[in-house]
Amino acid sequence: MNLFFNPSLNELRNLLSRTNNETDVHHIVVDYDGEVLIDPELQQPELNLDRFKFKLNLYDRPKNFIKNKSDKLRALFNSLKEGWEAPEDAYNAEGAVN
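Let me begin by describing the structure that accompanies this report. (Residues numbered from 1 in each chain as written. Predicted model: local features only at pLDDT ≥ 70, side-chain atom pairs only at ≥ 80, totals over all residues. Heavy atoms only, no water.)

### Notes on the side chain of His 26
Then, in step 1: If you trace the backbone, His 26 turns up in strand 1 (residues 26-30).
Then, in step 2: Judged by relative accessible area, which is 0%, His 26 ranks as buried.
Then, in step 3: Only 3.4 Å separates the side chain of His 26 from the backbone oxygen of Thr 23, close enough to count as a polar contact.
Then, in step 4: There is a polar contact of 2.5 Å between the side chain of His 26 and the side chain of Asp 39.
Then, in step 5: Setting aside anything within four residues of it in sequence, one finds His 26 in contact with Thr 19, Asn 20, Ile 38, Asp 39, Leu 56, Asn 57, Leu 58, Asp 60 and Pro 62. (Helix = DSSP H or I, 4+ residues; strand = E, 2+ residues; numbered from the N terminus. Buried < 20%, exposed > 50% of the residue type's maximum accessible area, 1.4 Å probe, protein only. Polar contact = N/O pair within 3.5 Å; in protein donor to acceptor, adjacent residues only side chain to side chain. Contact = heavy atoms within 4.5 Å.)

See the structure below:
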């Protein structure tokens, strides 16, 4: 999913559906090109998550977000879009979505 290309809620739903549902906290990061990644540090343990444009911590199981008409999914989607559109220094990189 890439925020630069005006993604849909369905794209976020598909991304979350491929995520390990057993992890307690998920790190959702957005790169400067708009690419959204979930838990990239699992593939690259030495990866510094602070190098991304912004980061959200997800304290819930991803499968709970992809239920039909989930308010949580829409809130997460809106947080991602707002973080992408915000000036770099206006976003709190320690943000969390519950």
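### Thoughts on the environment of Ala 75
Then, in step 1: Mapped onto the elements of the fold, Ala 75 is located in helix 3 (residues 71-85).
Then, in step 2: Since its relative accessible area comes to 36%, Ala 75 is described here as partly exposed.

### Details of the packing of aromatic side chains
Then, in step 1: Enumeration according to the criterion identifies one aromatic pair in this entry.
Then, in step 2: Between the aromatic rings of Phe 4 and Phe 5, the centroid separation amounts to 5.2 Å while the plane-to-plane angle is 85°, which identifies the pairing as edge-to-face. The burial state of Phe 4 is the same as that of Phe 5; both residues are exposed.
Then, in step 3: In this structure, Arg 51 packs its charged tip against the face of Phe 52, placed 4.5 Å from the ring centre.
Then, in step 4: One Lys or Arg, Lys 53, reaches over the ring of Trp 84 and ends 4.7 Å from the middle of that ring. (Phe/Tyr/Trp six-rings, centres within 6.5 Å; stacked < 30°, edge-to-face > 60°. Lys NZ or Arg CZ within 6 Å of the ring centre and 35° of its normal.)

### What about the pairing of strand 1?
Then, in step 1: Among the five residues that make up strand 1, four are buried, leaving the element largely enclosed by the rest of the structure.
Then, in step 2: Bridge count between strand 1 and strand 3 (residues 54-58): five bridges; the pairing is antiparallel. Across the sheet, His 27 pairs through a bridge with Asn 57, a residue of strand 3.
Then, in step 3: Relative to strand 2 (residues 36-38), strand 1 is paired through three bridges, and the arrangement is antiparallel. Residue Val 30 lies in a different strand from strand 2, and its bridge partner there is Val 36.
Then, in step 4: Hairpin geometry of strand 1 and strand 2 is characterised by an intervening segment of five residues between the two adjacent antiparallel strands and by a positive phi of about 95° at Gly 34. (Pairing = 2+ DSSP bridges.)

### Thoughts on helix 1 (residues 9-17)
Because the α-helix completes a turn every 3.6 residues, residues three or four places apart line up on one side.
Then, in step 1: Here helix 1 has its buried residues at Leu 9, Leu 12, Arg 13, Leu 15 and Leu 16. One side of helix 1 carries all its buried residues, which in axial view fall inside an arc of 160°.
Then, in step 2: Buried residues belonging to helix 1 abut strand 2, strand 3, helix 2 (62-65) and helix 3. (Arc of directions from axis to C-beta.)

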